[in-house]
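# Understanding the architecture of this molecule
Residues per chain, in single letters:
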Amino acid sequence: QVQLVESGGGLVQAGGSLRLSCAASGRTFRTYNVGWFRQAPGKEREFVAAIGWSAVRTDYADSVKGRFTISRDNAKNSVNLQMNSLKPEDTAVYYCAAGIGGSYRTTNDYGYWGQGTQVTVSS
């Protein structure tokens, strides 16, 4: 029912910024919670940020609080992740996910996933 496509990844120097976008197909996207996860080589996929279907509730991993901001625009069927003050440890493939589960932080709560976009932060 929902297809997700991430964009906006690339190479940036430490301290720089990137803005990721998750574009979704289908108008039912606005009823889903949306999360961002990331996975570095050899590591588990980890939670980054999430936003509720109403956009009232947001949640962030401790490692990105104060640096990343998640937002959504239901009229455009998109969710954005503004990433500031990037660090080399932020380097990973970033995935957008949509679901209706009760926990924003758990991969099991998301039924739809994009293919990911690479973010590389150089020191």
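Above this note sits the structure.
Here goes a summary of the coordinates provided.

Before going further, it helps to spend a moment on the pairing of strand β3 (residues 18-24). Looking down a regular strand, the side chains alternate between one sheet face and the other. Residues L18, L20, C22 and A24 line the buried face of β3, whereas the alternating positions R19, S21 and A23 sit on a face that is not buried. As paired elements, strand β1 (residues 4-7) and β3 share four bridges and run antiparallel to each other. By the bridge assignment for β3, V5 is matched with A23.

Further remarks concern the nonpolar core. Counting 36 residues, the largest nonpolar core has W36, L81, M83 and Y94 as its most contacted members. For this core, the secondary structure elements donating two or more residues are β3, β4 (33-39), β5 (46-51), β7 (68-73), β8 (78-83), β9 (92-99) and β11 (117-122). With near-sequence residues (within four places) excluded, L81 lies in contact with L18, R19, L20, W36, V48, A49, F68, T69, I70 and Y94.

Our focus in this paragraph is the pattern of salt bridges. Under the definition given, this model contains five salt bridges. Put simply, D62 and K65 hold a salt bridge, and the shortest N to O gap is 3.2 Å. Overall, K65 belongs to the partly exposed group, its relative accessible area being 48%. Each of R38, E46, R67 and D90 takes part in one network of salt bridges that share partners.

Criteria and thresholds
Residues numbered from 1 in each chain as written. Predicted model: local features only at pLDDT ≥ 70, side-chain atom pairs only at ≥ 80, totals over all residues. Heavy atoms only, no water. Buried < 20%, exposed > 50% of the residue type's maximum accessible area, 1.4 Å probe, protein only. Helix = DSSP H or I, 4+ residues; strand = E, 2+ residues; numbered from the N terminus. Pairing = 2+ DSSP bridges. Core = buried A, V, L, I, M, F, W, Y, C linked by side-chain atoms within 4.5 Å. Contact = heavy atoms within 4.5 Å. Salt bridge = Lys/Arg side-chain N within 4 Å of Asp/Glu carboxyl O.

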